[in-house]
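# A look at the structure
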Amino acid sequence: MTEITVLTPTGSLGYGFDVEAFNRAMGMGPHVIAVDSGSTDPGPHYLGSGQPLVPRISIKKELTTMIVAGVGAGIPVVVGSAGGGGTNTHVDWMADIVREIAAEKGLRFKLARIYADIPIERAKQALRDGEVQRFEASFDLTEDLLDETVALVGQMGHEPISEALRQGADVVIAGRAVDDCAISAFPIWKGADEAQAVHMGKILECGALAADPGGMDVMVGRVADDHFVVEPGSTGRRATTRSIAAHSLYERENPFEQAGPGHALDLHDCRFEQSDDRSVKVSGAKIAHGEDYWIKLEGARIAGYRAICIAGVRCPTMIERIDDILDDVRREALDYFQDNSLKIEFHVYGRDAVMRGMEPEKQIAAHELGVVVDCVADDQDVAHAASHHASGEMLHYAYPGWYNTAGNLAFPYSPSDLKAGPVYVFSAYHLMKVRDPLELFPILLEEL
Amino acid sequence: MAATAKLRDLAPVIRSKNAGPFRLTFDVLFDDQAMYEHVRDSGAFTEKSVAAAFGVPESQVSSLFHFDAAMALKVTFYRPTDQCAIGETDAYGCQQHVPLMDLEVPAP
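Residues numbered from 1 in each chain as written. Chains lettered and ligands numbered in written order. Predicted model: local features only at pLDDT ≥ 70, side-chain atom pairs only at ≥ 80, totals over all residues. Heavy atoms only, no water.

## Observations regarding the overall build of chain B
Applied cut-off: Numbered from the N terminus, helices here are DSSP runs of H or I no shorter than four residues, and strands are runs of E no shorter than two. Restricting the calculation to C-alpha atoms gives the radius of gyration, and the globule rule supplies 2.2 Å times the number of residues raised to the power 0.38. Partly exposed residues are those whose accessible area sits between 20% and 50% of the maximum for their type, while under 20% is buried and over 50% is exposed, using a 1.4 Å probe and protein chains only. When checking whether two residues touch, look at their non-hydrogen atoms; a contact exists if any pair is within 4.5 Å.
The number of helices and strands found in chain B is three helices and six strands. When the elements of chain B are put in sequence order from the N terminus, they spell out β-β-β-α-α-β-β-α-β. In summary, chain B has a C-alpha radius of gyration of 14 Å against a globular reference of 13 Å for 108 residues, a match within 12%. Projected onto the principal axes, the alpha-carbon positions of chain B cover approximately 45 × 30 × 20 Å. When burial is assessed residue by residue, chain B has 53% of its 108 residues classed as buried. Taking the contacts inside chain B whose residues are at least 6 apart along the sequence as the reference set, 62% of them involve residues at least 24 apart.

## As for the confidence of the model for chain B
Defined as follows: Summary of the metric used: pLDDT quantifies the predictor's per-residue confidence within the range 0 to 100.
A residue-level look at chain B finds 99% of positions with pLDDT of 70 or above and a mean pLDDT of 95. Reported for the predicted complex are a pTM of 0.95 and an ipTM of 0.94.

## Quick word on the sheet that holds strand 11 (residues 263–266) of chain A
Residue and element names in this part refer to chain A. In plain terms, the rule: We call two strands paired when DSSP finds no fewer than two bridges between them. Axis geometry follows a simple rule: fit a line to the C-alpha atoms, using only the stretch in contact for helices, then measure angles between N-to-C directions, giving values from 0 to 180 degrees.
Pairing in this open sheet of three strands is antiparallel, and the strands run 10-11-14 from one edge to the other. What marks the edges here is a single partner per strand, and that holds for strand 10 (257–260) and strand 14 (286–289). This sheet shows a mean twist of 20 degrees between the axes of neighbouring strands, independent of strand direction. In the sheet, strand 11 pairs with strand 14 via four bridges, with the strands oriented antiparallel. Looking across to strand 14, one finds that D266 is bridged to K286.

## Things to note about the interface of chain B and chain A
In plain terms, the rule: Each of two parts loses accessible area, computed with a 1.4 Å probe, when they are put together; buried area is these two losses added. Counted as salt bridges are all cases of a side-chain nitrogen of Lys or Arg within 4 Å of a carboxyl oxygen of Asp or Glu. We call two N or O atoms a polar contact when they sit within 3.5 Å, provided that within protein one can donate a hydrogen and the other can accept it, with sequence-adjacent residues counted only if both atoms are side-chain atoms.
The partner chain A presents 40 residues to the 46 residues of chain B that form the contact. A combined buried area of about 3,400 Å² lies between chain B and chain A, and 62% of that area is made up of carbon and sulfur atoms. Taken as a group, B:F22, B:F67 and B:I86 account for 20% of the area that chain B buries against chain A, more than any other trio of residues on that side. Applying the counting criterion to the chain B and chain A interface returns three salt bridges. For the salt bridge of B:K17 with A:E251, the shortest nitrogen-to-oxygen distance reads 2.6 Å. Inspection of the chain B/chain A interface yields 16 residue pairs in polar contact (both at pLDDT 80 or more). Those elements that place two or more of their residues in the side of chain B that touches chain A are strand 2 (13–18), strand 3 (23–29), helix 2 (47–54), strand 4 (61–67) and strand 5 (72–78) of chain B.

## Things to note about the pattern of salt bridges
All names here are of chain A. What the rule picks out here adds up to 46 salt bridges over all chains. Note that E131 and K433 form a salt bridge whose closest N and O atoms lie 3.8 Å from each other. Separated by 302 residues along the polypeptide, E131 in the loop between helix 5 (120–128) and strand 5 (132–134) and K433 in strand 18 (residues 417–434) bring together distant segments of the chain. The class of K433 is partly exposed, set by a relative accessible area of 23%. By sharing partners, the salt bridges in this structure join E3, R24, R222, E231 and R278 into a single network.

## Overview of the packing of aromatic side chains
For clarity, the threshold we go by: Between 30 and 60 degrees the pair is tilted, below 30 it is stacked and above 60 it is edge-to-face, where a pair is any two Phe, Tyr or Trp rings, Trp via its six-membered ring, whose centres lie within 6.5 Å. For a ring to carry a charge above it, either NZ of a lysine or CZ of an arginine must fall within 6 Å of the ring centroid while also lying within 35 degrees of the normal to the ring plane.
Following the criterion strictly, the structure yields 15 aromatic pairs over all chains and no others. Look at A:F17 and A:F22: their rings are 5.4 Å apart centre to centre, the planes differ by 35 degrees, and that puts the pair in the tilted class. Just as A:F17 is buried, A:F22 falls in that class too. A ring pair is formed by A:Y429 and B:F22, whose centres lie 5.4 Å apart and whose planes are at 55 degrees; its orientation type is tilted. You can see A:Y429 sitting in strand 18 and its partner B:F22 sitting in the loop between strand 2 and strand 3, one on each of two chains. Residue A:Y429 shares its accessibility class with B:F22, and that shared class is buried. What links up through ring pairs into an aromatic cluster is the set A:F135, A:F139, A:F426, A:Y429 and B:F22. Sitting over the face of the ring of A:W189, A:K190 holds its NZ or CZ atom 4.2 Å from the ring centroid.

## Remarks on unusual backbone geometry
Following A:D212, the chain continues into A:P213 via a peptide bond in cis, with omega recorded as -5 degrees. With respect to the helices and strands, the residue A:P213 is situated in the loop between helix 9 (194–204) and strand 8 (219–223). Going from A:S414 to A:P415, the amide bond is cis rather than trans, its omega being 5 degrees. Mapped onto the elements of the fold, A:P415 is located in the loop between helix 13 (380–395) and strand 18. Although it is not a glycine, A:E251 adopts a positive phi angle of roughly 55 degrees. Assignment of secondary structure puts A:E251 in the loop between helix 10 (241–247) and strand 10. In this model, B:M71 sits at a positive phi of 50 degrees, which is unusual for a non-glycine residue.

Okay, structure coming up:
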């Protein structure tokens, strides 16, 4: 097999890359430009709401660079997990941007959309058939949870993307996909060793984050029969055996074994060798295919509606007794509203807002505290009223040693209480068996 | 009593991050093979010692690995709250590493 070269412009589309590094990488003769665009890492909000993780301006700017270069060089452009959540809404949003770019730049090419929404009924049927597995979630998937689910996607493997490329797509906008698939799909379609391509995808999907120094920037991978070589696009960065090996740890639990749809990647025998000053050769990944093909479901539901208030406390007598005051304010507000759905949390910056129960420093050393009053209820207006009520109580809370009777909170904003909208939480993060890798990921092609 | 050092003085990178919405993972990366092996073999970086540094039960530790290829120690917790559930404090989980910086290990 001839070597396949993949250019990945950045670790997540819209987070930026150096255009000079991109152009330099284009000079290395890539066969495909491929980038990941989503993750669960920013939380379930984007999945649930359908809002894009990265604003349109940034996506359009970077997609323009990629598509102009890709069409110019006659090589495909692949984007996985469009819009962050990878729902149909996200795919349509990004496909619109692609059409706009084509029109503005006068480019003609074939666009593929690949959808990843999973019909709720399909998942319910899988539950009834015993074809859903729990693996990392803290809860079991149930039909009730699926009824509450407002968005459900499946993580596609490389197969739907490879299929879109086989059908002649020049630009592929894929919905939710396993992070490495955008990168591995083209090489696998062209006959690359699957283990090497998938492992390379796991490194390239974060762009130059695996380089030294790491950053959101261009990374190039060349995959051959039994190894691959990675090199950053920017001459200001190097791939080192340490930086590349360390990336096997990033955002993953197990650096040795990583499961994907239909396969398990075994990295126990990986070797990392410095092939020249700026590139690293990686070999030794092995892949095993399961008898059945399981995909990961990701679902989101609305847990309520949030309102918040941000306030500062400077008076030492209030800081001294902040726990008692906040307990009292919470109790009073819950009593006032008599709404079982209402939850009031206080994030006390300067004490334990970041680590809460895992915070080893138990004493407050700060001369001021930041408090975020965080109210969630089934009704947005109740949450908003509760936030206003609680912050008002804190403002005028009477206690022994109360000096500033005019008001004991500093609000940086007016209005002090802000409606934050729906609170999305994960309702599914489970494995579901499918008949084949293409079953649930429809491919739609159009000529632009 | 034998001299001890803090992990922050021996390892240049100590980081935390989500590993999916239900796990919190910590990486300790060394830049010196001897130092890595010293800490790895010291018996100071264990499920028990790490859990104690965070004041959580050992049962909250999901896994612990030595990853020689990257001169790295890795430990993963079940997340204290599901990511972005009510009560979330750190959506990306990337400011939970500090107790590991202060973990006491035998001085090299």
